[in-house]
Amino acid sequence: MRINIQTVPCGAYQANAYLVWREGRDDCALIDPGDDLERLEGAIGDKRLGAILLTHGHFDHILAAQPLAKATGAAAYIHPADAEMLSDMDKSAYNASICRLPPPKGLVAKPLGEALSACGLDFTVLHTPGHSRGSVCLYLADEGVLFSGDTLFEAGYGRMDLYGGDSRQMLDSLKKLFALPGELRVYPGHGGPTTIARERDRYIL
Ligand SMILES: [Zn+2]
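Residues numbered from 1 in each chain as written. Predicted model: local features only at pLDDT ≥ 70, side-chain atom pairs only at ≥ 80, totals over all residues.

*Asks:* Tell me about the sheet that holds strand S9 (residues 136-140), residues and numbers included.
*Replies:* On the basis of which strands lie adjacent, the open sheet formed by 6 strands has the order S7-S8-S9-S10-S13-S14 and mixed pairing. Across the chains shown, the open sheet's two edge strands, defined by having one partner strand only, are strand S7 (115-118) and strand S14 (194-195). Pairing analysis gives 2 bridges linking strand S13 (residues 185-188) to S14, with the strands arranged antiparallel. When the bridges of S14 are listed, Arg 185 appears paired with Thr 195. (Pairing = 2+ DSSP bridges. Helix = DSSP H or I, 4+ residues; strand = E, 2+ residues; numbered from the N terminus.)

Structure representation (structure tokens):
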């Protein structure tokens, strides 16, 4: 059964939220709901929100998670190493001058382990620190799809100068991603989609 992926760019940094659902099912998973609650609610529409998955704890990927979790009862998930960012303006890099939604405060998220099944989707969780301590990539192996958050972009990778960033860890994380199948379709946290092969070919690691 095929899956649908709807991209919803949110907020000043146009962070990509991804709504993912299996054809024929009425429930959906939402990855990285950022600073545009109205647009996200519009995209969800009549579908039932089954899970909210956060690739990391920066404000531009999480701001709508709390209101959506509250309104729908959907559980949110984040890697334990980034959980502290969900209630900390500074660690989440919250910027009041460009945000519509209020700063994150106290969203209770469940810890992402090595795998998560939700809405008929079997995510493998790849821990890819470097952009933040708890950055993850969400891998749908059967569908050949990877949601790479702010770890890997088209023609780039995440900055390492924010709280919890680490260049050595980023290098290891990129090596881990480049060991995945080249044809994998990559959906980054900002910008357009790409593939592992296209990105791997740009670097000598
Ligand atoms: Zn980020």
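*Asks:* Would you mind going over the sheet that holds strand S4 (residues 48-53) in detail, with residue names and values included?
*Replies:* Spatially, S1-S2-S3-S4-S5-S6 is the arrangement adopted by the 6 strands of the open sheet, whose pairing is mixed. Strand pairing shows two members of the sheet lacking a second neighbour, strand S1 (3-10) and strand S6 (110-111), which therefore form its edges. Two elements, strand S2 (residues 15-22) and strand S3 (residues 27-31), share 3 bridges in a ladder whose sense is antiparallel. Along S3, the bridge assignment pairs Leu 19 with Leu 30. Set on the sheet, helix H1 (residues 37-44) makes contact with S1, S2, S3 and S4; between it and S1 the angle comes to about 165°. The sheet strands contacting helix H3 (residues 65-72) are S4 and strand S5 (75-78), and the helix crosses S4 at an angle near 145°. (Contact = placed C-beta atoms within 7 Å. Axes fitted to C-alpha atoms, helices over the stretch in contact; angles between N-to-C directions.)

*Asks:* Now, about the pairing of S2: what can you tell me, with residues and values included?
*Replies:* Along S2, 7 of the 8 residues are buried, which leaves the element largely enclosed by surrounding structure. Across 8 bridges, the pairing between S1 and S2 is antiparallel. Paired with Ile 3 across the bridge in S2 is Arg 22. Hairpin connection, S1 to S2: the antiparallel pair is bridged by 4 residues, and Gly 11 has positive phi, about 75°. Here S2 folds back onto S3 in antiparallel fashion, the turn holding 4 residues, of which Gly 24 has a positive phi close to 90°. (Buried ≥ 20, exposed ≤ 12 C-beta atoms within 10 Å, placed from the backbone.)

*Asks:* So what's going on with helix H4 (residues 167-178)? Residues and values would help.
*Replies:* Look at H4: 16 Å from first C-alpha to last across 12 residues, which is about the 16 Å you get at 1.5 Å a residue. Residues of H4 that are buried sit in contact with S9, strand S11 (152-153), strand S12 (156-157) and helix H5 (196-200). (Expected span 1.5 Å × (residues − 1).)

*Asks:* Requested: an account of unusual backbone geometry, with residues and values cited.
*Replies:* When glycine is set aside, most residues are seen to have a negative phi, and most peptide bonds are trans. Here the phi dihedral of Asp 32 falls at roughly 55°; this positive angle occurs in a residue that is not glycine. With respect to the helices and strands, the residue Asp 32 is situated in the loop between S3 and H1. The exposure class assigned to Asp 32 is buried, which follows from the 26 C-beta atoms found within 10 Å. Even without glycine at this site, Ala 93 takes up a positive phi of about 65°. Checked against the element boundaries, Ala 93 lands in the loop between S5 and S6.

*Asks:* Lay out the environment of Glu 114 in plain terms, naming residues and giving numbers.
*Replies:* For Glu 114, the location among the structural elements is in the loop between S6 and S7. On the basis of neighbour counts, which here come to 10 C-beta atoms within 10 Å, the residue Glu 114 falls in the exposed class. Once the C-alpha coordinates of Glu 114 and His 79 are considered, the two residues, 35 residues apart in sequence, prove to be 9.6 Å apart.

*Asks:* Summarise H3; cite the residues concerned and give the values.
*Replies:* Within the span of H3, buried status applies to Ala 65, Gln 66, Leu 68 and Ala 69. Seen from one end, H3 has its buried residues packed into an arc of 165°, which puts them on one side. Opposite the packed face of H3, turned more than 90 degrees from it, sit the exposed residues Lys 70 and Ala 71. Looking at the packing, one finds that the buried side of H3 touches H1, S4, helix H2 (59-62) and S5. Just downstream of H3 lies Gly 73, where phi reads positive at about 80°. (Arc of directions from axis to C-beta.)

*Asks:* Got a sec to walk through the environment of Ile 3? Specific residues and values, please.
*Replies:* Among the secondary structure elements, Ile 3 is positioned in strand S1. For Ile 3, a count of 17 C-beta atoms within 10 Å puts it in the partly exposed group. The contact partners of Ile 3, leaving out residues within four places of it in the chain, are Val 20, Trp 21, Arg 22, Glu 23, Leu 121 and Glu 143.

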